[in-house]
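# Structural overview for review
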Amino acid sequence: MNRTKQTIINQFAVLLREKPYTEITVRDIVERCGINRNTFYYHFEGIPELLISSLEHWAYEIIQNHGRIESPMECIEPMAQMILENKQSVFHIYRSVKRDVFLDSVDRMVLHIVTAYIDCVTEGMNLKPEGKELMVRYYKCCCVGVLLDWLNHNLSYDLLHYIGILEPYYHTMNRQVFQDFALE
């Protein structure tokens, strides 16, 4: 990613800590970045695309910073940490954008992370393609559901504690699924 685009994403994140998504303007962003409007529009069609790029960038950072993702807990934990570290920004997005825009962005972010997890745990296995696709879809839905429930409850419970309790059950289920989807 080029430096200007990265600067725009970084300054957008700063602005999100300060005010709701719907109150952020292109003018705010270009003033913070010291660029002109044309430069902004060269990189992004508008603020909605900037939001999607920012969330995808966060997902990419989570994957890069956590190397191999080897358990369902490792899918949720880094996202939960990112939410806690950027709580104000996340709530500004969550409470400001249309629900479908937010859900689509979270869905994309989680899909990237869950795919990395499934790729890691199935590496070297000879699985039916539909089995791998089903596991990606299942874990993505679980992770999105868990994160949305946590957000809907204003982060009022210890998500990581609950996930830690459930994690051993996922490992048992994984072994059975892998056996069921193995090619003969």
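All of these numbers come straight from a predicted model, not from anything done at the bench.

Now for the overall build of the protein chain. Helix and strand content of the protein chain: nine helices and zero strands. Of the regular secondary structure in the protein chain, the N- to C-terminal order runs α-α-α-α-α-α-α-α-α. Each principal axis of the C-alpha distribution contributes one length, and for the protein chain these read about 60 × 35 × 25 Å. A burial count over the protein chain gives 45% of its 184 residues as buried. Working note: accessible area of the protein chain is about 10,200 Å², and carbon and sulfur atoms make up 50% of it. Counting 18 positive and 24 negative side-chain charges, the protein chain places the averaged centre of each group 7 Å from the other.

Turning our eyes to something else, we now look at the nonpolar core. Phe 12, Ile 29 and Phe 40 are the most contacted members of the largest nonpolar core, which totals 59 residues. For this core, the elements supplying multiple residues, two or more each, are helix H1 (3–18), helix H2 (26–33), helix H4 (47–65), helix H5 (72–85), helix H6 (87–96), helix H7 (99–121), helix H8 (129–152) and helix H9 (159–181). Discounting residues that sit within four places of it in the chain, Phe 12 has contacts with Tyr 21, Ile 24, Ile 29, Ile 47, Leu 50, Leu 51 and Ser 54.

What follows concerns the packing of aromatic side chains. All chains considered together, the criterion is met by seven aromatic pairs. Summarising the aromatic geometry, the rings of Tyr 138 and Tyr 139 are spaced 5.3 Å apart at their centres and angled 70° between planes, so their arrangement reads as edge-to-face. Among the residues examined, Tyr 139 registers a relative accessible area of 2% and is labelled buried.

Right, let's get into the packing of H6 against H8. Axis separation between H6 and H8 bottoms out at 12 Å; the angle between their running directions is 95°. What the angle tells us is that H6 and H8 run roughly perpendicular. Mapping the contact onto sequence places Val 90, Phe 91 and Tyr 94 in H6 and Leu 148, Leu 151 and Asn 152 in H8.

Along an α-helix, residues three or four positions apart point the same way, because every turn accommodates 3.6 residues. Compared with the 22 Å implied by 1.5 Å per residue over 16 residues, the 23 Å span of H1 between its first and last C-alpha is a close match. Regarding H1, the residues found buried are Gln 6, Ile 8, Ile 9, Phe 12, Ala 13, Leu 15 and Leu 16. Its buried side turned inward, H1 meets H2, helix H3 (37–43), H4 and H6. Where H1 starts, the residue carrying a side-chain oxygen 3.0 Å from the main-chain nitrogen of Thr 4 turns out to be Asn 2.

Across all of its chains, the model carries one cavity of 30 Å³ or more by this definition. In this structure, the largest cavity occupies an estimated 90 Å³ of space. For the lining of the largest cavity, the secondary structure elements donating two or more residues are H4, H5, H6, H7 and H8. Here the lining of the largest cavity gets three residues from one element, more than from any other, and that element is H7. Per-class residue counts for the lining of the largest cavity are 11 nonpolar, no polar and no charged.

Here we come to H2. Looking at H2, one finds that the buried residues are Val 26, Asp 28, Ile 29, Val 30 and Cys 33. Here the buried face of H2 lies against H1, H3 and H4. Two residues or fewer past H2, Gly 34 is found with a positive phi of approximately 70°.

Definitions and cut-offs
- Residues numbered from 1 in each chain as written.
- Predicted model: local features only at pLDDT ≥ 70, side-chain atom pairs only at ≥ 80, totals over all residues.
- Heavy atoms only, no water.
- Helix = DSSP H or I, 4+ residues; strand = E, 2+ residues; numbered from the N terminus.
- Buried < 20%, exposed > 50% of the residue type's maximum accessible area, 1.4 Å probe, protein only.
- Areas by Shrake-Rupley, 256 points an atom, 1.4 Å probe, with all protein chains shown as cover.
- Lys, Arg positive; Asp, Glu negative; His and termini not counted.
- Charge placed at Lys NZ, Arg CZ, Asp CG, Glu CD.
- Core = buried A, V, L, I, M, F, W, Y, C linked by side-chain atoms within 4.5 Å.
- Contact = heavy atoms within 4.5 Å.
- Phe/Tyr/Trp six-rings, centres within 6.5 Å; stacked < 30°, edge-to-face > 60°.
- Axes fitted to C-alpha atoms, helices over the stretch in contact; angles between N-to-C directions.
- Parallel < 35°, antiparallel > 145°, perpendicular 65-115°, else oblique.
- Expected span 1.5 Å × (residues − 1).
- Polar contact = N/O pair within 3.5 Å; in protein donor to acceptor, adjacent residues only side chain to side chain.
- 1 Å grid on protein atoms, 1.4 Å probe; cavity = no way out; pocket = protein on both sides within 12 Å on 5 of 7 lines; lining within 4 Å.
- Points joined across faces, edges and corners; volume = space filled by probe spheres on them.
- Nonpolar A, V, L, I, M, F, W, Y, C, P; charged D, E, K, R; others polar.

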